[in-house]
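Structural description and commentary
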Amino acid sequence: MKWLLYLAGLTLVIAAGTWWGGWWTVPVAAALFGAWRAHARDATLTAMLAAACAWGGLLLYDASRGPVGRLTHLFGAIFHMSDATLLILTVAYAALLAAAAAACARGLRRLVTPA
Amino acid sequence: MNEAARVTKVMTRASQVAVVLLSGAMLAGAVYIGARPIGRVPALGPFLDPAHGVWAVARTAELPRTASLRMAGLTDSVAVRYDDRGVPHIFAHNETDLMRALGFVVARDRLFQMELQTRAVAGTLSELVGAATLEADREARAQGLAWGALRKWRAIPDTAESHRLVTAYSDGVNAYLAQMTRDDVPLEYRLLGATPQAWKPEYTYFLLARMSLTLSWNDEELRRAGLEALVGARAADALFPVNAPIQEPIQPVPGRRAPRFAGGVLPPPAPHDSARLVVAEAFERAAESPTIAALRGTGEVAVGSNNWAVAPQRAAAGRALLSGDPHLQLTLPSIWYEVHLQVPGVIDTYGVTIPGGPIIPIGFNRSMAWTATNTGADVLDYYAETVDDRRHPTQYLLDGAWKPLERRIEEYRGRSGRVLRTDTIYHTHRGPMLRAGGQWLSRRWTALEISDEGEALHLADKARSVDEFMTVMGRYVGPAQNFLTADTLGHIAIRSTGFYPIRPATVRGDHITDGTKSANDWQGYWPVERYPQAKDPAQGYLASNNQQPKDPVVDPSYMGSNWPSPFRAMRINALLRADSAVTPDAMRRYQTDPVSAQTELFLPAMLDAVARAAAAGVADTFAIRGAALLREWDGRFTADNERAVLYDAAMAELTQRTWDELRGATNVRRGPTPGATILAELMRDPTSPWWDVRSTPARETRDSVLVVSLGTAYRTVAQRYGPPGPRWKWSGIRTATINHMLRLPGLGRTKIPMTSGRGTLSPSDGDGAHGASWRFVVELAPDVRAWGTYPGGQSGNPVSERYDDRLTSWRAGTLDTLRFPRRAADLPAPRFSLTLRPER
């Protein structure tokens, strides 16, 4: 239950950060979370999922406001790949940024302040 | 601490360091590709960002239903109401505000297109797209397009109305840029990792220069030099004649009710002049331009505009009718943007603008309508110059004295700002020079002369009658156009309008001229009265289709050479002669009429030749089968037709075989090909030496070439599409291709079936990338009614519904009703509305 709260909270922070700040807030928020929750085993996974959920949610919002389906189809044609690839890549990129940042920050924190 | 614990601790620490290093490396990599573009891949962070990155393009696909903004410089509020077709109707209180609003509105829908077209003229595409466009940039700067446009702009006094309006338009574009959010950045910029540039007033003149390049660039001299080396001057004169062998002129000849066949016997080809051929081929290479080929197409029938007007006495409703059908390169977004501009008591005009230009070059107002086809006059001459140094000239010889050359240093930059290359362009008093085959040539072109086309076109938008239109357009320089007008008073008129140079009697415009004598320079321009023109002719209609404007019997003055074949003119004239109660719907139908006057000239001869060969027992079975199929053909290039493909292939074969002399000794040279009218002229001489195919030992005649052409065509078509059947359907073969301006796959539309063929009113050729760019019909009733469509849509956003929503009507040959409200309130339920207010 607590984990879900962390996940939801971080998802909101990343979504808001992306909206108001930009893509770079994803690794920043994830790193802060990783450092804060350095001794939780699932901090990296939480950050990764939160980023994926945040950007996935923003994509859903985009889809509710415009023809995202048409856009994915277009990207498929432009980049010679399947229609959904760029959608998946978007979510995966956020997850990678967050996971790497959280893992790095968590590791550093654990090096500095061992349990 | 015991040893085991210490080891465990060290191991743990080592694994933690490893995790940090590994995740740090991953983070660094992810951030790097997020922040920096790699090759052609944009920086992934801002690109993929679902809030403001490329996905925002979906959210901004449609305009906000209502919006209200303050704009600097406005003196009063402006109401913009978009109708159900996405056409903005702009209601302002003065013209300066109107132009500001127009700039804003067009930029809102077509920003990337505006920048790309501007850069194509300025020769700065490489700064946006990268080194791949360097050669296009070099070509543009060598042509002097931006150089000439800047000269024009700087010569316009600040007090001139055109200066004021163009500046206001520019302010409007920049006002849009200033209020644009990250989400509004068009898709193309995101893919290129670029940001929009500020707009400058002179860019409007850049776009006019681009129209001149499309419509009045003429390097016949260079191509002709090669042709003369191949077949001799007499034959070259006959193959690319000053006067078309079939005369169906724009300016009607009183009493004539049919085309005049004026051709003679073609002189035989002379032997190749190998020494001249080397230089001539270098000239031809200099004339080869991928940009011009893309803009105009390469085949004879690729681009062919039409217009015609019917006087009240031949219209069913007793009102003058006008049809406009300019053909151009087809692109998405479309070259045109539809708009209605209104300032009460000053202007109330509907039509199409070129994004970036604050004028409506084709359209209508409450009193009249106007449209244009290209005149294609020769307004560009080449001069062979003598210079002091062949590699690095500083002076050129004129009247026995050395004159200094002007130098223009052109620097080309890539996307990073790095200099990719530097060129030096030399100028004589005539214009920019080019070097080909060791020879320096200078170029004089009306498009580079100081003039203000914007002013004439702007005044024309407000004209209230045919006469007023013609008066204000008297000052229009170019590109020369066959402007056709009709008004609510029932008048119709046409004039091939533009500046035509007066050359010395010894100078031929289609030959390279000796540049060492100033006596060879242009001596002025024709007076307007001499232009080809007609008003309210007795025949009750007027039409133009790019053909030679005046029959040389009426006026032998040189206007140009190698005119497009007049088959479209013959067809529309035949239709209009036959119809004494024309309706707007008939005008619409004629625009995509599937019959070709060309077919009537060639097909019977082809069938007769096969019949004679069959009777003599010398026809091959493929030709006999082909002839049997073509006898069943109704001669129509309709989508479901299964015979047009065979005729088309036979004509391609016939052209290829007949003009084999023009391919040079290697048989691979890509020289110019005479028009189909010359082929028609040759058809009357069955034993001409031109029929002989040099690669065969036999001596061919017209009939044998016709038979072999049809037989080969049958074999080719059967190999490609199988036996005669549904796969021969014209809809699967003759298709239109509408590429995106960056040729990005997915953003263009391909394989669009066309009702078009060789010589039809809506011709198409090659890759089908050229065609009708804006079809419209206007009925000049007291309440003007109009219908129109173009191949695309109003929005430049590829995921907008308004990106290509008109393609359906365009391909079907139907037209939408154009709304022309007198007041903003008269537009029921606007699709979007925008109110622009002055800043407080």
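Scope of this entry: the structure provided in the associated data block. (Residues numbered from 1 in each chain as written. Chains lettered and ligands numbered in written order. Predicted model: local features only at pLDDT ≥ 70, side-chain atom pairs only at ≥ 80, totals over all residues.)

A word on the overall build of chain B
Under the convention used in this document: Helix and strand labels come from DSSP, where a helix needs a run of H or I of at least four residues and a strand needs a run of E of at least two; each type is numbered from the N terminus. Our radius of gyration is a C-alpha quantity, and the globule rule it is checked against amounts to 2.2 Å times the number of residues to the power 0.38. Exposure classes come from backbone-placed C-beta atoms, where a residue is buried if 20 or more other C-beta atoms lie within 10 Å of its own, exposed if 12 or fewer do, and partly exposed in between.
If you tally the helices and strands in chain B, you get 24 helices and 32 strands. Here the C-alpha radius of gyration of chain B, 29 Å, is about what a compact globule of 840 residues would show, namely 28 Å. Principal axes of the C-alpha set define a box for chain B whose edges measure 115 × 75 × 70 Å. A total of 840 residues make up chain B; the buried ones form 54% of that total.

Section: the environment of Tyr426(B)
Residue and element names in this part refer to chain B. Definition in use: By the convention adopted here, residues make contact when the C-beta atoms placed from their backbones lie within 7 Å.
Locating Tyr-426 in the fold gives a position in strand β18 (residues 419-427). Judged by the 20 C-beta atoms lying within 10 Å of it, Tyr-426 is buried. Non-local contacts of Tyr-426, meaning those with residues more than four positions away in its chain, are made with Pro-393, Leu-405, Arg-407 and Met-433.

Brief notes about the sheet that holds strand β27 (residues 749-753) of chain B
All names here are of chain B. To be explicit about the condition: A pair of strands is considered paired only if DSSP assigns at least 2 bridges between the two.
Judged by pairing direction, the sheet is mixed, and its 3 strands sit side by side in the order β9-β26-β27 without closing on themselves. With partners counted over all chains shown, the strands left at the sheet margins are β9 (331-332) and β27, one partner each. Pairing of strand β26 (residues 735-740) with β27, which is carried by 3 bridges, proceeds in the antiparallel orientation. Looking at β27, one finds that Ala-736 is bridged to Ile-752.

Description of the environment of Arg190(B)
All names here are of chain B. For Arg-190, the location among the structural elements is in helix α9 (residues 187-192). With 19 C-beta atoms packed within 10 Å, Arg-190 lands in the partly exposed category. Beyond its immediate stretch of four places on either side in the chain, Arg-190 contacts Pro-42, Phe-47, Val-54 and Val-185.

What to know about helix α18 (residues 584-591) of chain B
Every α-helix winds through 3.6 residues per turn, so residues three or four apart in the chain are directed the same way. The test is simple: This arc is built from the directions going out from the helix axis to the C-beta atoms.
For α18(B), the full list of buried residues reads Pro584(B), Met587(B), Tyr590(B) and Gln591(B). Along α18(B), the residues classed as buried sweep out an arc of 120° about the axis, all on the same side.

Remarks on the interface of chain B and chain A
Put simply, the test is: Gly falls in the polar group here, along with every residue not listed as nonpolar (Ala, Val, Leu, Ile, Met, Phe, Trp, Tyr, Cys, Pro) or charged (Asp, Glu, Lys, Arg).
On the chain A side, the residues contacting the 29 residues of chain B number 32 residues. Of all the secondary-structure elements, those providing two or more residues to the side of chain B that touches chain A are α1 (3-35), α2 (44-48) and α3 (56-59) of chain B. No other element matches α1(B), which puts 11 residues into the side of chain B that touches chain A. The residue makeup of the side of chain B that touches chain A, split by class, is 21 nonpolar, 6 polar and 2 charged.

Quick notes on the sheet that holds strand β19 (residues 433-436) of chain B
Residue and element names in this part refer to chain B. Within the open sheet, the 4 strands sit side by side as β19-β20-β14-β23. Their pairing is mixed. Edge positions in the sheet fall to β19 and β23 (513-514), since each of these pairs with one other strand and no more. Inspection of the sheet shows β19 paired to strand β20 (residues 439-445) by 4 bridges, in the antiparallel sense. Following the sheet pairing, Met-433 is matched in β20 by Ser-442.

Here's the deal with unusual backbone geometry
Residues and elements named next belong to chain B. The linkage connecting Leu-332 with the following residue, Pro-333, adopts the cis geometry, with an omega of -5°. Among the structural elements, Pro-333 can be located in the loop between β9 and β10 (337-343). With an omega of 0°, the peptide bond running from Gly-478 to Pro-479 counts as cis. Along the chain, Pro-479 falls in the loop between α16 (466-472) and β21 (481-487). Of note, Asp-536 is a non-glycine position whose phi angle comes to about 45°, a positive value. Residue placement: Asp-536 occurs in the loop between β24 (533-535) and β25 (541-544).

A word on the packing of helix α20 (residues 621-631) of chain B against helix α23 (residues 702-721) of chain B
Residue and element names in this part refer to chain B. This is how the line gets drawn: All axes here are fitted lines through C-alpha atoms, helices being fitted over the stretch that makes contact, and every angle between N-to-C directions spans 0 to 180 degrees. When an angle is under 35 degrees it counts as roughly parallel; over 145 it counts as roughly antiparallel; between 65 and 115 it counts as roughly perpendicular; any other value is oblique.
For the pair α20 and α23, interaxial distance at closest approach is 7 Å and the crossing angle is 85°. By the angle class used here, α20 and α23 are roughly perpendicular. In contact with Phe-622, Ala-623, Arg-625, Gly-626 and Ala-627 of α20, α23 contributes Val-707, Leu-710, Gly-711, Ala-713, Tyr-714 and Arg-715. In terms of residue class, the contact of α20 with α23 is built from 7 nonpolar, 2 polar and 2 charged.

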